[in-house]
Each structure stands twice: as C-alpha cells, then as structure tokens.
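Architecture and fold: a report
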Amino acid sequence: QVQLVESGGGLVQPGGSLRLSCAAPESIFIGNAMGWSREVPGKRRELVAAITSSGVITYGDFAKGRFTISRDNAKNTVYLQMNSLKPEDTAVYYCYVPRYPPGLYYWGQGTQVTVSS
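Residues numbered from 1 in each chain as written. Predicted model: local features only at pLDDT ≥ 70, side-chain atom pairs only at ≥ 80, totals over all residues. Heavy atoms only, no water.

In this section: the overall build of the protein chain. Scanning the protein chain from terminus to terminus reveals 1 helix and 11 strands. In the protein chain, the order of α-helices and β-strands from amino to carboxyl end is β-β-β-α-β-β-β-β-β-β-β-β. A compact globule built from 117 residues would reach a C-alpha radius of gyration of about 13 Å, and the protein chain, at 13 Å, matches this within 12%. Its C-alpha atoms give the protein chain principal-axis dimensions of about 40 × 30 × 25 Å. (Helix = DSSP H or I, 4+ residues; strand = E, 2+ residues; numbered from the N terminus. Rg over C-alpha atoms; globule rule 2.2 N^0.38 Å.)

This part is about the sheet that holds strand β3 (residues 18-23). Judged by pairing direction, the sheet is antiparallel, and its 4 strands sit side by side in the order β1-β3-β8-β7 without closing on themselves. If you trace the sheet from one side to the other, it starts and ends with β1 (5-7) and β7 (67-72), each paired once. Each neighbouring strand pair of the sheet contributes to a mean axis angle of 15 degrees, computed without reference to strand direction. Bridge count for β7 against strand β8 (residues 77-82) is 6 bridges, and the pairing is antiparallel. Looking across to β8, one finds that Asp72 is bridged to Thr77. (Pairing = 2+ DSSP bridges. Axes fitted to C-alpha atoms, helices over the stretch in contact; angles between N-to-C directions.)

The next point concerns the pattern of salt bridges. Taken as a whole and assessed by the stated rule, the structure comprises 5 salt bridges. Across the pair Arg45 and Glu39 runs a salt bridge, and its minimum N-O distance is 2.7 Å. The exposure class of Arg45 is partly exposed, given its relative accessible area of 32%. Residue Asp89 pairs with Arg66 through a salt bridge whose shortest N-O separation is 2.7 Å. Here the residue Asp89 occupies a position in the loop between β8 and β9 (91-99), and Arg66 occupies one in the loop between β6 (57-59) and β7, the gap between them amounting to 23 residues. Judged by its relative accessible area of 1%, Asp89 falls in the buried class. By relative accessible area, which is 12% here, Arg66 ends up buried. Through salt bridges that share partners, Arg38, Glu46, Arg66 and Asp89 make up one connected network. (Salt bridge = Lys/Arg side-chain N within 4 Å of Asp/Glu carboxyl O. Buried < 20%, exposed > 50% of the residue type's maximum accessible area, 1.4 Å probe, protein only.)

This part covers the state of the cysteines. Enumeration over the complete set of coordinates arrives at 1 disulfide. Two residues, Cys22 and Cys95, share a disulfide whose sulfurs are 2.0 Å apart. The S-S bond linking Cys22 to Cys95 shows a torsion near -75 degrees; that makes this disulfide left-handed. You can see Cys22 sitting in strand β3 and its partner Cys95 sitting in strand β9, a full 73 residues away along the chain. (Disulfide = S-S within 2.5 Å.)

Our focus in this paragraph is the environment of Ala91. Its place among the elements puts Ala91 in strand β9. By relative accessible area, Ala91 is classed as buried at 3%. It is 6.7 Å that separates the C-alpha atoms of Ala91 and Thr114, two residues lying 23 residues apart in sequence. Residues in contact with Ala91, not counting those within four places in the same chain, are Arg38, Glu39, Val40, Thr111, Gln112 and Val113. (Contact = heavy atoms within 4.5 Å.)

What follows is the structure, encoded as structure tokens:
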C-alpha cells in the first residue's frame, strides 16, 4: 500500500496563504509526476496543479497566478503554495501520483482547506 502523507491544511482568512506538503515514498516519487486536486461536496474533483519529474508544470485556470507547485527531490516531497485565497478555494485537497496502468493514481488522505472570515 503506497502512502502519500499530506499536511498543511487549515482555516485561513480570505486573502491569506497556506502551503500544503505531500511526502511520497522514494520508490514512486523519483521519475514520476506529482499533483494536487481538490474536491468540493457535490462537485467533481478538479486539477489544481501538477509537476513532472523534469519540472514541467500545469495549473488549473483558477490556480494560475495565485498557486505555485514545486517539488523537492531530495525530500521526496511536493508542495503547493496558495496565495490570495478566496472562499471558493474551500475544499479538500488531495495529493496524487500516477501509477500503472495509465489512468490510475495513488491518492493522499486529503487535507481540508477552509477560507473564511
């Protein structure tokens, strides 16, 4: 069982910042893309950001200019820096890594982010 360990969620006021972290086993982190998705009850899970092993990055439209994904290969960890948070960013954020066969993923346990005054 592959375990992705997430941390960093919480309650923040609108306009504030949070940084999420996701640590993965070295065996699946090295050479693999990593990403973050989020889910709001009643809505489909959506891509927040993803980063390949070579550093190519993709962002969901809502994340562009506010969120930054990065990875530390020495720590087998991917980060999501979230700035200028809005109430509509409230969701459970999940870390993921692709697995074989294509189309399947390992998922973290999820971390709640709540943006509210």
